[in-house]
Amino acid sequence: MTIETIGVLGAGQMGSGIAHVLAIAGFEVSLMDVDADRLVAAVAKISEDMDRQVARGTIAAEAMLSAVGRLRTTVNLPELGTLDLIIETAAESEPVKLKLFDDLRPHLKPEAILTSNTSSLSITRLAGRTRKPEQFMGLHFMNPVPVMQLVELIRGIVTSNETFEAVRAVVQRLGKTAVVAEDYPAFIVNRILVPMINEAVYTLYEGVGSVFDIDQSMKLGANHPMGPLELADFIGLDTCLAIMNVLHEGLADSKYRPCPLLVKYVEAGWLGRKVARGFYDYCGDTPVPSR
């Protein structure tokens, strides 16, 4: 099938970024969230980011105006059911995602394709709660979506070739690069990246180095653009912990045990940049280690 209308379920950082690139690529986009204020904030962020692209010469002002005209918002979940493709971007929580799929199921048109932007959960298991699991797959964008080139495509065990090719065509139209990952916990990127972050937290927990020294070591010693603790704050410590739990439970290997310090930070509500405190404190002009 040819996909022209796309719904994005969730107006957080990932959802707004995905809506941004879809609208620029010429798709008709409906951004849905139960929180009207979050939708207002998402549209403002999208406009701000597009203005920045115009200023850099990445897109033309006319293209921005056209893209904004293709973007609409709604607080009504059933409205997404009439669209060709739906991309779920809710929190990395299986019960939350399954509840959304249950609510959406009665409203989907027969040919609609449903995808999840999950960064770690089983696509096959999520698909089992949909009406047509052959029309479900994983579509995992990287953050920040307008900047990052990669998208992971993940088939469930019954995902059809037609569904896969239709979704891959969307990624190609976005001008992004697709990689195909098998349906195993955390797929490719996070299977490698998040355990590295967890090991950095262990390095801090065991007193091997300070927050500053750990991040400096990986930036200057391994040429990483961001240190692992800085990156954890950017991703969200709750998301990092959720992925480590999926890896630990799904693969039953002790090497994926979440660091107790990561657990404590999440319990304390120190989730990273989104709450202005994680491994760094972001309340001032310059981030400083929080401990």
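Residues numbered from 1 in each chain as written. Predicted model: local features only at pLDDT ≥ 70, side-chain atom pairs only at ≥ 80, totals over all residues. Heavy atoms only, no water.

Condition: UniProt positions are given in the numbering used here, feature names are shortened, and annotations may be inferred rather than shown by experiment.
Under an unreviewed UniProt entry, the name given to the chain is 3-hydroxybutyryl-CoA dehydrogenase, and the source organism is Rhizobium tropici. The chain has a UniProt comment under Sequence similarities (unreviewed entry) that states "Belongs to the 3-hydroxyacyl-CoA dehydrogenase family."

**Some thoughts on the UniProt feature "domain: 3-hydroxyacyl-CoA dehydrogenase NAD binding" (unreviewed entry) in the chain**
Rules: Strands are runs of DSSP state E lasting at least 2 residues, helices are runs of H or I lasting at least 4, and numbering of each runs from the N terminus.
Taking the numbering used here, the UniProt-annotated feature "domain: 3-hydroxyacyl-CoA dehydrogenase NAD binding" (unreviewed entry) corresponds to residues 5-183. For residues 5-183, helix accounts for 40% and strand for 22%, while the C-alpha atoms at its two ends are 26 Å apart.

**Describing empty space enclosed by the protein**
Let me state the cut-off plainly: Every definition here rests on a 1 Å grid over the protein atoms only: cavities are sets of points where a 1.4 Å probe fits but cannot get out, pockets are open sets enclosed by protein on both sides within 12 Å along at least five of seven lines, and lining residues have some atom within 4 Å of a point. Grid points are joined across faces, edges and corners, and a volume is the space filled by probe spheres set on the points. Throughout this entry, Asp, Glu, Lys and Arg are counted as charged residues, while Ala, Val, Leu, Ile, Met, Phe, Trp, Tyr, Cys and Pro are counted as nonpolar. The remaining residues, Gly among them, count as polar.
Under the counting rule described, the total for this entry stands at one cavity of 30 Å³ or more. Computed from the structure, the largest cavity encloses a volume of approximately 80 Å³. Taken together, Leu-108, Lys-109, Pro-110, Ala-112, Leu-114, Thr-130, Arg-131, Lys-132, Gln-135 and Phe-136 make up the full set of residues lining the largest cavity. Here the residues of the lining of the largest cavity are counted per class, giving five nonpolar, two polar and three charged.

**Digging into the packing of helix H2 (residues 36-56) against helix H3 (residues 61-69)**
This is how the line gets drawn: Where helices are involved, their axes are fitted lines through C-alpha atoms of the stretch in contact, as for all axes, and angles between N-to-C directions lie from 0 to 180°. Angles below 35 degrees are treated as roughly parallel, those above 145 as roughly antiparallel, those between 65 and 115 as roughly perpendicular, and all remaining angles as oblique. By the definition used in this description, the sense in which the near helix is turned from the far one sets the handedness, with an anticlockwise turn below a right angle giving left-handed and a clockwise turn giving right-handed. Residues count as neighbours in contact if any of their non-hydrogen atoms are within 4.5 Å of one another.
Following both chains from N to C, one finds H2 and H3 inclined at 160 degrees, their axes separated by 9 Å at the closest point. Considering their axes alone, H2 and H3 lie roughly antiparallel with respect to each other. The hand of the H2/H3 crossing is right-handed. Two secondary-structure elements touch here, H2 through Ser-47, Met-50, Asp-51 and Val-54 and H3 through Ala-61, Met-64, Ala-67 and Val-68. Residue composition of the contact of H2 with H3, grouped by class: six nonpolar, one polar and one charged.

**Points about the sheet that holds strand E3 (residues 71-74)**
Convention followed: Two strands pair under a simple rule: DSSP has to find at least two bridges between them.
Strand order in this open sheet of eight strands is E3-E2-E1-E4-E5-E6-E7-E8, and the pairing throughout is mixed. Single-partner strands in this sheet number two, and they are E3 and strand E8 (177-181). Ignoring which end each strand starts from, the neighbouring axes of this sheet average 25 degrees apart. Of the strands in this sheet, strand E2 (28-32) and E3 touch H2, which is tilted by about 165 degrees from E3. Across the sheet, helix H6 (residues 161-173) lies against strand E1 (5-9), strand E4 (85-88), strand E5 (113-116), strand E6 (136-141), strand E7 (150-155) and E8, angled at about 175 degrees from E7, the strand it touches most.

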